[in-house]
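For reference, the chains in residue letters:
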Amino acid sequence: MLKIDEIKRFIDYDRTSERKRLAELGENYYNGLHDIRDYKLFYYDADGELREDKTRANIKISHPFFTELVDQCVQYMFSGDSYVKSDLPELQADLDGYFDSAFTNELVDTGVDSKSKGFGYMYAYKGNGGKTKFLHAEAMGVVEVRSKETDDGCEHVIYWYVDRVGKDRRRIIRIQVWDKDFVYYYVQEESGDIKVDDSEEINPRPHIIYYKENDKTPYYDTLGYIPFFKLKNNRGETSDLLPIKALVDDYDLMACGLSNNITDFDHPIYAVSGFQGDNLDELIQNLKTKKTIGTEAGGGVDIKTVDIPYQARVTKLELDEKNIYRFGMGFNSAQIGDGNITNVVIKSRYALLDLKCNKFEKQLRAFLSQLVSIALDEINKSNGTDYQLKDVYFEFEREVMTNATDNANIKKIEADTRAVEINTLLNLAS
């Protein structure tokens, strides 16, 4: 059992770790909170002092390419109806009770965490009827505690989350400490002291509490393992943001710089000579309202405009966008091409996305194998069977848009081929 001061130390260390710092960066970019939001303009004054320029336009617009790339990969990966399959009808019926549409929803959230933060978590619990259910766990709140850094398994898992916001906008944080037998509940107000959660009737609580028929006495049991499972994005548990962050930042900078140029130089400059009037305010007012001004003999108005070098910026934006989809390994739906949109061309545009999903599928299969092993063990105990992991396989059907004309031609060719085969058989028979 961990002591309260140990729990606080583990949570504080985890929050400031390099692993969670990079995960938080990925989470921010997935939510559209880019570094451009902290961009400032500076200048040197007459005394040579560096000061922030608050008079010039400083537009801050985030362009959420990363959000699209993450959602694109996850939805493309889980575009099918079911992923856990078996050729044994009885086993398939039992598996469908575990890995249904509700499980898919939780798996999609875990996949988003994995792609955006580098890792995602699901945890298991006993539902009604004693069947194990799997839910998504917020990755930023999971702290793995090992007795030694070299150990593969965890001795404890600390799971914390913000329950609500109380008075003075102070967050109420619930903390759970899991081991192989019990769950210990704690509560913390903002960054204050961690205290035992008195709102929980049973604390510490066994993993499983159940009641027998016509018996109000609670019975306790344990899962025998810590029910948290990690879905890695890759071996290094790094986010998909790392290869493209600099490109996304450059795109934000170029686009916002163009907007700033347009904002700063959207009005012409009037060079007036021989002005006949009382003051400059009268000149400005006449230009805005009457569109005319009076000048003395030989006077005039010369209108000066500033040519914004937008063409170079537009070219750089197009190059950045191309490289973001290339190195982010995504499908660029804005890609025009040469107008020859056949099924072969469409599939070629999905090549990078397929490659990224193939890499992610290896981690996903290893992750699902852990969950299926738990389900099989429960099914075998309940039904007296001896199903093995080899009786189950995983199938991911990725849906790709196709050209309807190509599909019709393919069907026509198949029908013609079948007709030739039938006619040949009839001729041989006669």
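Residues numbered from 1 in each chain as written. Predicted model: local features only at pLDDT ≥ 70, side-chain atom pairs only at ≥ 80, totals over all residues. Heavy atoms only, no water.

Let's talk about the overall build of the protein
Rule in force here: Segments assigned H or I by DSSP are reported as helices when at least four residues long, segments assigned E as strands when at least two residues long, and all are numbered from the N terminus. Throughout this description, buried means an accessible area under 20% of the type-specific maximum (1.4 Å probe, protein chains only), exposed means over 50%, and partly exposed covers the range between. Should any heavy atoms of two residues lie within 4.5 Å, those residues are counted as being in contact. Shrake-Rupley sampling with a 1.4 Å probe provides the accessible areas, and residues are treated as covered by the protein chains on show and by no other component.
Looking only at helices and strands, the protein features 11 helices and 17 strands. Here the protein holds 430 residues, and 36% of them are scored as buried. Long-range contacts, defined here as pairs at least 24 residues apart, represent 61% of the contacts in the protein between residues at least 6 apart. Put simply, the protein shows about 26100 Å² of open surface, and 50% of that area lies on carbon and sulfur atoms.

So, the sheet that holds strand β14 (residues 228-232)
Operational definition: Two strands pair under a simple rule: DSSP has to find at least two bridges between them. Here an angle of 0 to 180 degrees is reported between the N-to-C directions of two axes, which are lines fitted to C-alpha atoms, with helices fitted over the stretch in contact.
Taken in spatial order, the three strands of this open sheet run β5-β4-β14, and their pairing is antiparallel. Each edge of the sheet is formed by a strand with only one pairing partner; in this case those strands are β5 (132-137) and β14. Neighbour to neighbour, the strand axes of the sheet diverge by 30 degrees on average, direction disregarded. Here six bridges tie strand β4 (residues 119-126) to β5, and the two strands are oriented antiparallel to one another. Across the sheet, the residue bridging to A124 is F134, located in β5.

A closer look at the pattern of salt bridges
Our working definition: Salt bridge, as used here: a side-chain nitrogen of Lys or Arg that lies within 4 Å of a carboxyl oxygen of Asp or Glu.
Evaluation of the coordinates by the stated rule reveals 26 salt bridges. The salt bridge involving K115 is made with D240; its shortest N-O contact spans 3.0 Å. Of this pair, K115 sits in helix α5 (residues 101-117) while D240 sits in the loop between β14 and α6 (245-264), placing them 125 residues apart in sequence. A salt bridge links R418 to E421; the nearest nitrogen and oxygen atoms lie 3.3 Å apart. Placement of the pair is R418 and E421 together in helix α11 (residues 404-429), with a separation of three residues, close to one helical turn. Here R418 falls in the exposed class, since its relative accessible area comes to 52%. A cluster of three or more residues bridged by salt bridges with shared partners is formed by R19, E144, R146, K230 and E237.

Considerations on the environment of K60
How we decide: Side-chain atoms alone can form a polar contact between residues adjacent in sequence; in general such a contact is a pair of N or O atoms within 3.5 Å, and within protein one must be able to donate a hydrogen while the other accepts it.
Looking at the element boundaries, K60 is found in the loop between β2 (50-52) and α3 (65-77). Among all residues touching K60, those that are not within four sequence positions of it are I36, R37, Y39 and C256. Looking at K60, its side chain comes within polar contact range of the main-chain oxygen of R37, at 3.3 Å. Separated by 3.5 Å, the side chain of K60 and the backbone oxygen of Y39 make a polar contact.

Section: α6
For the α-helix, the turn length of 3.6 residues means that residues three or four positions removed from each other point alike. Quick reminder of the rule: Here the expected length of a helix is defined as 1.5 Å per residue gap, with one fewer gap than residues.
In this model α6 runs 28 Å from its N-terminal to its C-terminal C-alpha over 20 residues, within 8% of the 28 Å that 1.5 Å per residue would give. When α6 is considered as a whole, its buried residues turn out to be K245, L247, V248, Y251, D252, M254, A255, C256, G257, L258, N260 and N261. Among the structural elements, α2 (18-30), α3 and α8 (310-327) are those in contact with the buried residues of α6.

A look at the side chain of N260
As for its position among the elements, N260 is in helix α6. The exposure class assigned to N260 is buried, which follows from its relative accessible area of 9%. Excluding anything up to four places from it in sequence, N260 contacts A57, N58 and I59.

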